[in-house]
Amino acid sequence: MSQQQQQAIRYGDLFEVQGELAEKAVAPRDAAMMQTAENTLTGHTQKGGAAAVMQSAAAKNERAGFVCHGDASEVADDLGVSATETDFPAGRTVITESVGGQVVGKFDQGGSAAAAGTPGGGCGGGVTIGKKPVERSDAAAIQAAEVRATSRTTIVPGGIAAAAQSAATFNARTTKDEEKTTLADVLSNAKAKLPADRPATRKDAEGVAGAEMRNDPFLTTHPTGVAASVAAAARLNQQALNNNNNIDDIVQ
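Calculation rules
Residues numbered from 1 in each chain as written. Predicted model: local features only at pLDDT ≥ 70, side-chain atom pairs only at ≥ 80, totals over all residues. Heavy atoms only, no water. Axes fitted to C-alpha atoms, helices over the stretch in contact; angles between N-to-C directions. Helix = DSSP H or I, 4+ residues; strand = E, 2+ residues; numbered from the N terminus. Parallel < 35°, antiparallel > 145°, perpendicular 65-115°, else oblique. Left-handed = near helix turned anticlockwise from the far one by under 90°. Contact = heavy atoms within 4.5 Å. Nonpolar A, V, L, I, M, F, W, Y, C, P; charged D, E, K, R; others polar. Expected span 1.5 Å × (residues − 1). Buried < 20%, exposed > 50% of the residue type's maximum accessible area, 1.4 Å probe, protein only. Phe/Tyr/Trp six-rings, centres within 6.5 Å; stacked < 30°, edge-to-face > 60°. Salt bridge = Lys/Arg side-chain N within 4 Å of Asp/Glu carboxyl O. Pairing = 2+ DSSP bridges.

### With respect to the packing of helix H3 (residues 28-42) against helix H4 (residues 50-63)
For any two helices packed against each other, the geometry is given by the interaxial angle and the distance between the axes. The contact between H3 and H4 brings their axes to 8 Å, and the two run at 160°. Relative to H4, H3 is oriented roughly antiparallel. Handedness of the H3/H4 crossing: left-handed. Along the contact surface, H3 presents Pro 28, Asp 30, Ala 31, Met 34, Gln 35 and Glu 38, while H4 presents Ala 50, Ala 51, Met 54, Gln 55, Ala 58 and Glu 62. Residues belonging to the contact of H3 with H4 are distributed by class as follows: 7 nonpolar, 2 polar and 3 charged.

As structure tokens, then:
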């Protein structure tokens, strides 16, 4: 995307949604409705959550003249915006946020939100991974990302996948969260640790998500995990082919 915003930021640019919603511009009232739903359920606006991402996109669309301040998309207006909570074993509560019945965000209650893309270039920031302790599923996802980025059939000695595997093993033996190795620790300066890289694609995102799910006890991807960030990077790359959102760049 160039320095001047050329088109409205749509739901399909930010989230894994389909049909009419994917083509709709994110509008200010949509974002306001999501913020209300989020605040009602959690008592605050989740940093990096769907409401924050939608507010940022709606503000950019409004400044660029694609929507007006009081606008709402037909899908959000007709089918609604919601935030619901689901309890899982071990005291885990997951908040699921939806627009028009399609999921646009998930996060652990009290934790971090799913990574969600915001347009790059002159119109926004990049995609980051939160301070999440490295787990076995993260190590598997990082290995899948590294293999795809480097086109190697084995992990790079001393690379990020090897570091993630060591971190996952260490964390499994560590009881205090503050002493555990985080994704940010493992993925710092990732670009320098890779012998090669290339732009993330939808196929990359699917492969990484599969690896993360197969190694997760709940058979799901984590809202702030590697798969979510690769998926966001792939969406950004598809939207703006000239951006440099490489698989390793998502962790910078």
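### Describing helix H10 (residues 202-214)
Over its 13 residues, H10 extends 18 Å from the first C-alpha to the last, a length consistent with the 18 Å expected when each residue adds 1.5 Å. Every buried residue belonging to H10 is among Asp 204, Ala 205, Gly 207, Val 208, Ala 209, Gly 210, Ala 211 and Glu 212, and all of these are buried.

### Considering the packing of aromatic side chains
A full pass over the atoms with the stated rule returns 1 aromatic pair. Between Tyr 11 and Phe 15 the ring centres are 6.3 Å apart and the planes differ by 35°, which places this aromatic pair in the tilted class. The two residues Tyr 11 and Phe 15 agree in class, both being buried.

### Quick notes on the pattern of salt bridges
One pass over the structure, following the stated rule, counts 8 salt bridges. A salt bridge links Arg 10 to Glu 23; the shortest N-O distance between them is 2.9 Å. With Arg 10 in the segment before helix H1 (11-14) and Glu 23 in helix H2 (residues 19-23), the pair connects residues that are 13 residues apart, well separated along the chain. Relative accessible area serves as the criterion here: at 52%, Glu 23 is assigned to the exposed category. Here Asp 177 ties to Lys 180 by a salt bridge, and the two come within 3.5 Å at their closest N and O atoms. Accessibility expressed as a relative area gives 51% for Asp 177, which makes it exposed. Through salt bridges that share partners, Arg 10, Asp 13 and Glu 23 make up one connected network.

### Side note on the sheet that holds strand S3 (residues 102-108)
Pairing within the open sheet is antiparallel, and its 3 strands lie in the order S1-S2-S3. Each edge of the open sheet carries a strand with a single partner, namely strand S1 (81-88) and S3. Across this sheet, the average inter-strand angle for adjacent strands is 25°, counted without regard to direction. Relative to S3, strand S2 (residues 92-99) runs antiparallel, the two sharing 6 bridges. Across the sheet, Thr 96 pairs through a bridge with Lys 106, a residue of S3. Its contacts with the sheet place H3 against S1, S2 and S3, and it is angled at close to 30° to S1.

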